[in-house]
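# What the coordinates show
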Amino acid sequence: MAKYVFITGGVVSSLGKGISGASVGKLLQLHGFKVNMIKFDPYINVDPGTMNPYQHGEVFVTVDGTESDLDLGTYERFLDVYTSKANTNTAGDIYQTVINRERMGVYDGATVQVIPHITDEIKRRFIALKNDCDISIIEIGGTVGDIEGLPFMESVRQFQLENNKEDILSIHVTLVPYITAARELKTKPTQHSVNKLREIGISPDMIICRTEYQLDDSLKKKISLFCNVKEDCVIEALDASSIYYIPEALYKQNVDSLVMEKLKIKPKRKFDKTWFKKIKSMSKFDKTVKIAIVGKYADLKDAYKSIDESLNIAAAELKTKAEVHYLGSEDKDLIGKLKHYNAILVPGGFGHRGINGKIKAVTYARENKIPFLGICLGMQCSVIEASRNLANLEGANSTEFDKNTKYPVIKILDEQKNIKYRGGTMRLGNYKAEIKKSTLAHNLYKIEEVDERHRHRYEMNPEFIEILEKTGFFVSAYHKGILPEIVEIKNHPFFIGVQFHPEFDSRPMKAHPLFKGLINAALKII
Ligand code: GLN
């Protein structure tokens, strides 16, 4: 059985197509189906690895080392699946594949065109996971009407033509805005958006309407009539206090039954409602901890999306509310502000901007025994901090920030220079780390080998381990006995730096041990 649900969006961007699609997927999963999601982004970047997190949010890294859009994080967290290269596509990547083929002479002298060559490649990727799951949910990025989205919409049209009607369902996510002056919800933008979609040859089976107020029956009737969608398939998606409440909101409107009816599939098992209950229990708190994230992109929550999710998921398991605040590492009053927090997290990052602030935050956490978690660049900052302030290696630095430093405590190692696959010299994707016993890391993970996701070029320089370890700063996990993966400090309630990104591996009800440990430690000092 291979079924496909296409998700397109209209009116404005950022409507939460990914969350809507993942919510539909979750319902199908609770009926026993194997579900996965695939993202198609119409931009020309080959992958989002080089895109500015300010514009695009965090770069999510999959187990196989693919740098992707943050939507893959939503898919993984909602569906509790692992995604890979097959789950993420961009126009740039698709064109590159076709152009490479053309250069190799594969097209045998034909004129290479958007239709059929680009659309064929897109359609080939629509079916990429058909052997791994029962239902592929395919999210087309952007908004209908965008010039760059056209080849993708055209591919959906062709795909519908070439496959059985009952194997495909099309959902359009739109906005029903509220006009304050008129005190009315307006359906016109949705009508226009669906018209645009139908011009391309896609007639949606269901419309998910994002709205701030409930849609009454007359409004639903209107959308149904003008958009040629059955009335019960006009779905209301009210703003929710947690994205994880959306599946239940859709369930209450029979979205799962409507989807299964159209796809002519029967539930594979009794619907598992316990997921809804578990999600609800995640918002029952009896205490609060305040956590500061000291990073470069303080104004944009999406830049640290997975970290934010991980903290909330971990806190929820401890019946705690995580109040997460972002402090700019260039803020002049950073230390003054840090005094109000129960835990400090320094996240990953690239480039020297804001480094001094991050290092100061590490000093503050270390000296004042505030629970500290350093992720990737955050871990590297903790190595620099300890080298300068504990081992007295004046001017110690990462060669990323000072090429000529006397003490290159973080540098690109020769082994690393040889990694040519997957993103040049970057260490990307899962790598194993062996954890030493009787360490904080071992205490948290409770196992001796972990497999975590990486995305970095620089590493802790093993030449400095011995001198650092004399100060109480030590390495508690290595990759293949050589590359430092986790660092800690003696005589501190919770101080841990990890070269990898644990934030990509948190799911509701499956908090990551490092985040849970941080919240637990923070609880002890409130
Ligand atoms: N810039 C650092 C490196 O390349 C850290 C990267 C990160 O934090 N993801 O090693």
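This text follows the structure it describes.
Overview of the structure. Given the structure is predicted, the values throughout are model-derived calculations rather than measurements.

Before going further, it helps to spend a moment on the sheet that holds strand β12 (residues 287–295). Taken together, the nine strands give an open sheet; going across it, the order is β13-β12-β14-β15-β23-β22-β21-β18-β19, and neighbouring strands pair in mixed fashion. Among the strands making up the open sheet, the edge pair consists of β13 (320–328) and β19 (449–456). Neighbour-to-neighbour, the strand axes of this sheet turn through a mean angle of 25 degrees, independent of strand direction. Across eight bridges, the pairing between strand β18 (residues 427–435) and β19 is antiparallel. Bridging from a neighbouring strand, E434 pairs with E449 of β19. Packing against the sheet, helix α12 (residues 305–317) makes contact with β12, β13, β14 (343–346) and β15 (372–375), and its axis sits at approximately 155 degrees to β13.

Here we come to a negative patch on the surface. On the surface, D216, D217, E231, D232 and E261 cluster together into a patch of negative charge. Examined against the element boundaries, D217 turns out to sit in helix α8 (residues 217–227).

Before going further, it helps to examine the environment of D47. Within the secondary structure, D47 is located in the loop between β2 (35–41) and α2 (53–56). A relative accessible area of 29% places D47 in the partly exposed class. For D47, the contacting residues outside a window of four places in its chain are E67 and T90.

Summarising burial for strand β11 (residues 234–238): four of the five residues are buried, a large majority. As paired elements, strand β10 (residues 206–211) and β11 share five bridges and run parallel to each other. Bridge pairing in β11 places I207 opposite V234. Traced from β10 through α8 to β11, the parallel crossover comes out right-handed.

Because side chains alternate across β14, one face comprises the buried residues A343 and L345, and the other comprises I344 and V346, equally buried. Pairing of β12 with β14 involves three bridges; the strand directions are parallel. Following the sheet pairing, A292 is matched in β14 by I344. Two strands pair when backbone bridges link them, and β14 and β15 are joined in this way by three bridges, in the parallel orientation. Across the sheet, residue V346 finds its bridge partner in β15, namely G374.

The next subject is the sheet that holds strand β17 (residues 408–411). Strands in a sheet are paired, the pairing made by backbone hydrogen bonds, and the direction either parallel or antiparallel. What the three strands build is an open sheet, ordered β16-β17-β20; its pairing is mixed. At either margin of the open sheet sits one strand with a lone partner, and together these are β16 (397–398) and β20 (459–460). Packed on one face of the sheet, helix α15 (residues 377–389) meets β16, β17 and β20 and runs near 170 degrees to β17.

What follows deals with helix α5 (residues 114–126). Looking at α5, one finds that the buried residues are H117, I118, T119, E121, I122, K123, R125 and F126. Residues of α5 that are buried sit in contact with β1 (3–9), β2, β5 (88–90), α4 (91–103), β6 (135–140) and α6 (150–162).

Below, the discussion takes up the pattern of salt bridges. Across all of its chains, the model carries 39 salt bridges by this definition. A salt bridge links R124 to E121, with the shortest nitrogen-to-oxygen separation between them at 2.5 Å. Here the residue R124 and the residue E121 both occupy positions in helix α5, the gap between them amounting to three residues, near one helical turn. One salt bridge in this structure joins D286 and K287, with 2.9 Å as the shortest N-O distance. You can call D286 exposed: its relative accessible area is 59%. Note on K287: relative accessible area 32%, which makes it partly exposed. One salt-bridge network, in which partners are shared between bridges, spans E76, D80, R453, D505, R507 and K510.

Conventions and cut-offs
- Residues numbered from 1 in each chain as written.
- Predicted model: local features only at pLDDT ≥ 70, side-chain atom pairs only at ≥ 80, totals over all residues.
- Heavy atoms only, no water.
- Pairing = 2+ DSSP bridges.
- Helix = DSSP H or I, 4+ residues; strand = E, 2+ residues; numbered from the N terminus.
- Axes fitted to C-alpha atoms, helices over the stretch in contact; angles between N-to-C directions.
- Contact = heavy atoms within 4.5 Å.
- Patch = residues over 30% accessible without salt bridge, like charges linked within 9 Å, V, L, I, M, F, W, Y side chains within 5 Å.
- Areas by Shrake-Rupley, 256 points an atom, 1.4 Å probe, with all protein chains shown as cover.
- Salt bridge = Lys/Arg side-chain N within 4 Å of Asp/Glu carboxyl O.
- Lys, Arg positive; Asp, Glu negative; His and termini not counted.
- Charge placed at Lys NZ, Arg CZ, Asp CG, Glu CD.
- Buried < 20%, exposed > 50% of the residue type's maximum accessible area, 1.4 Å probe, protein only.
- Right-handed = clockwise from strand over helix to strand, strands pointing away.

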